[in-house]
Amino acid sequence: MTLHHYRNSTMSIKKNHLLNPLTVCVFSAIAASAHAQVVDDVDLRQEGGNAVVVVKFVTPVQYSNSVSARASDLVQVFYTVLPTRESVNLQRSERRLPGGGSIPEITVRDESAASTTPNSINRKLLVSFGLPLKFTVRPGKDVRSIEIVLVGLGESVQAVLAKKSKVLPLKPGASVTVTPTAPTTQAAAETDASAAALLVKAQSAFDGGNYNGAIESLNQLLNLPPNGSSRKAQEMIGLARLNAGDKVRAATEFELFIKLYPAGEDSDRIRQLLASLPTIGPVTASQTKAVVEATSTVNGSLSTYYYGGKSDTRSQDFLDSSLAGLPVLQSDNTLSSTDQKQMQTGFDMNWRYRDDAKDMRFVVRDSLTHDYLKGNNRERLSALYVDYRSLALGSNIRVGRQSPNGGGVMYRFDGIQAGYKFAPKWRINGVLGKPSDDLLDTRRTFYGMSIDAEALTKSLSGSVYAIEQVIDGVTDRRGVGTEVRYFKGGLSANGQFDYDPMLRKVNIAAFQSYWQYSDDIALNAMLDRRTTPFLSLGNVLFFQDPNLATPAKRISELLGTTPIETLRDEVKALTAYQNQFRVGGTKVLTPKWQVGADFSLTSVDAIKPVALLLPDGQAATGNLWGVSTQLIGTNLYSARDTHVFNVSFLGGPLYHGTLLTYNNLTSLDDKWQIEPSLKYYTQSGNTATAGITGSNSNTLWGTGLRVTYRLRSRWSLESELTYERSDIASTTMSTTSATANKQTSTRISYYLGARADF
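Residues numbered from 1 in each chain as written. Predicted model: local features only at pLDDT ≥ 70, side-chain atom pairs only at ≥ 80, totals over all residues. Heavy atoms only, no water.

*Asks:* How should the pairing of strand 17 (residues 413-423) be read in this particular structure?
*Replies:* Pairing analysis gives 8 bridges linking strand 16 (residues 395-402) to strand 17, with the strands arranged antiparallel. Each bridged residue has a counterpart across the sheet, and for Gln 402 the counterpart in strand 17 is Phe 413. Hairpin connection from strand 17 to strand 18 (residues 426-435): 2 residues lie between these consecutive antiparallel strands. (Pairing = 2+ DSSP bridges. Helix = DSSP H or I, 4+ residues; strand = E, 2+ residues; numbered from the N terminus.)

*Asks:* Could you clarify how one ought to interpret the packing of helix 7 (residues 247-260) against helix 8 (residues 265-276) in this entry?
*Replies:* Relative orientation and spacing of two packed helices are given, respectively, by the angle between their axes and the distance between those axes. Look at helix 7 against helix 8: their axes get within 10 Å of each other, and the N-to-C directions meet at 145°. Considering how the two elements wind past one another, helix 7 and helix 8 form a crossing that is left-handed. In contact with Ala 251, Phe 254, Glu 255, Phe 257 and Ile 258 of helix 7, helix 8 contributes Asp 266, Ser 267, Ile 270, Arg 271, Leu 273 and Leu 274. Class assignment for the residues of the contact of helix 7 with helix 8 results in 7 nonpolar, 1 polar and 3 charged. (Axes fitted to C-alpha atoms, helices over the stretch in contact; angles between N-to-C directions. Left-handed = near helix turned anticlockwise from the far one by under 90°. Contact = heavy atoms within 4.5 Å. Nonpolar A, V, L, I, M, F, W, Y, C, P; charged D, E, K, R; others polar.)

*Asks:* Explain the packing of aromatic side chains here, please?
*Replies:* Aromatic rings in a pair are described by how distant their centres are and how their planes are angled relative to each other. Going through the model one piece at a time under the given rule, you end up with 14 aromatic pairs. Residues Tyr 307 and Tyr 751 carry aromatic rings whose centres are separated by 5.4 Å and whose planes lie at 40° to one another, so their mutual orientation is tilted. Of the two residues, Tyr 307 sits in strand 12 (residues 295-315) while Tyr 751 sits in strand 33 (residues 738-757), which places them 444 residues apart along the sequence. Here Tyr 307 matches Tyr 751 in class, with each residue buried. These aromatic residues form a ring-pair network of at least three members: Tyr 305, Tyr 307 and Tyr 751. Over the ring of Tyr 411 we find Arg 444, and its NZ or CZ is 5.5 Å from the ring centre. Across from the ring centre of Tyr 577, 4.0 Å away, lies the NZ or CZ of Arg 529, which sits over that ring. (Phe/Tyr/Trp six-rings, centres within 6.5 Å; stacked < 30°, edge-to-face > 60°. Buried < 20%, exposed > 50% of the residue type's maximum accessible area, 1.4 Å probe, protein only. Lys NZ or Arg CZ within 6 Å of the ring centre and 35° of its normal.)

*Asks:* What is the right way to read the sheet that holds strand 10 (residues 135-139) from this model?
*Replies:* For sheets, the rule is that strands pair by backbone hydrogen bonds, running either parallel or antiparallel. Reading across the sheet, the 4 strands line up as 2-3-11-10 and stay open at both edges, with antiparallel pairing between neighbours. Looking at the sheet topology across the chains shown, the edges are occupied by strand 2 (39-47) and strand 10. Here the strands of the sheet are splayed against their neighbours by 20° on average, with no regard to which way each runs. Across 5 bridges, strand 10 lies against strand 11 (residues 145-150) in antiparallel orientation. What sits directly across from Val 137, in strand 11, is Ile 148.

*Asks:* It is not clear to me how the pairing of strand 25 (residues 576-590) should be interpreted in this structure. Could you clarify?
*Replies:* Residues in a regular strand project their side chains so that they alternate between the two faces of the sheet. In the sheet, strand 24 (residues 521-532) pairs with strand 25 via 12 bridges, with the strands oriented antiparallel. Note on strand 25: the bridge partner recorded for Ala 525 is Val 583. Counting the residues in the hairpin turn of strand 25 and strand 26 (residues 593-604) gives 2 residues.

If you want it as structure tokens, here you go:
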């Protein structure tokens, strides 16, 4: 639970220290242009007495922390996009969840965590509630989700689903999990007092034979955060339903009691009662509550943004010359140029229908970019699929262009994936398709199978998979692997392992965890080792003999002169591992202040020499490290302002740097939101090559301002302006001479756009 998002603002400064240009070029060539927005969908489910908002992502993420406004109607949820083969669109996106019952309308906006770095992998969700709520934020049940728990609003979930689809009552025997929250001492005292009063009221009704009245009071009690009366209330509501003649629902309440409180005299007593009740079977129409008519809804957005940017570069020699005062000519592209001029339009639509038997979705996400500098247009279809789930049979099928969703699939693809729940906690899945990104003139397809176990134990779940990918008629990639998830109390952890038995090499070995140690302390960690780029035979097309007159564009062309085993050996030899380690945490100091810190370590392994293709090999980067601390303030002058002060120290074998940033978010009212930011970075380093030594230094400072104005509840205007100035000095020395160079550059970038949600 720490803020990593400000460190990434130096990525453009230090990226040349991270990867050799060969690796950068290969990775860029294989990874297609950005396609999908980070957030895939926002859903809602009931979890005991609570409602849970599930934010689903198209790619693995790591939850960092959250910062809430005093008004309790706004929270910023910080997270990091983890390393992935999939190319992801890091532009802003927004999803809405309709309100119902006690749950207000909820807006989830995804954006960069720092306005001075708009496309950072360190991001935040800006979650707005129509009314003040009690809530907590936690990692999701897999690496592609984050959850927001709405405390005590579980009974209102059906009212919200009634607006999205048909309300579906919980079936007896369905799995229900309650996650205890950690209220403040004052809030806990108030909750205990309210719960005790409701328990007395329920006991009085129960003793008088008014079991329905007792059930009503007990439901109100159980919708409160966990408290000293919860255990007794859970037992009593089962007894009340049993005395009212509803044995099926009584059994449901008793089963939940055993899950929540497995040990104790009352638990033994409940087990005996449960054994005497009939086995819970399918719910008959007379046993369910009345449901509303099935409905279908359409929601989405249409947005358009204009991006502009201009850079100005001057060497010290030019600044010292008599020409320095002359006006800059528009044709003087070497010194001053407009380097960004494009219009981006995005369309996002989600149609959904749900009734007692099925849940159907149709999703389309598309974007069109007009690049006025390059004179071309690019249309990117990131999603176009139909999803059908049979609620009665436990089966599902999705057809069309879609994001990877585990099971060893590493690419956005066009195809079909389907699953079937063959046992209460077991599901088998299959996938068939082709990567949606072209790889030169090759033809690629894949197929795979996976098995999911929702609960191997009370805390452990996971999946295993096998997948085969074919390129031009030969095996491109063969993967077997597993994803494991662990949840218990405040600890959540997950791991992934992917191995290619054909190439005999590990593709991914990754682990991340989050631990809510206490009410005011949270810790997280991440360890990730993966091949860069992802292992596949097709990579060899980017490592061809430079002496070839015409480079091959298909694997079949290479096989005419080179044995396939040789090609596979070349792929393994030319693929390096990227290693990342991160550990951090936050501590709440006062109601208005919290502090965070983290440490990170990154490296890329060496590549051994390969005849003709890479005769000198590629040296390892060495360990690139970063230490960062944050001071986070909330509600310092209003009910909705947050402030993040960050200090980072970064270094590696060839450089070291210091980064200072400040980011602010202030909501002036329901219409205006402003986000000013400041950044200062300084870096110095040394080089030594073939008898020539050198030193360099770079100082950069920048400022940015993002402003959002909501015309109506579903219409908004947004603009951002950033300014950066960089002073670079370098010196090279040999045995005979020394050369010094100084350069100053400035950059202004901005965007202006509008968005309509429906």
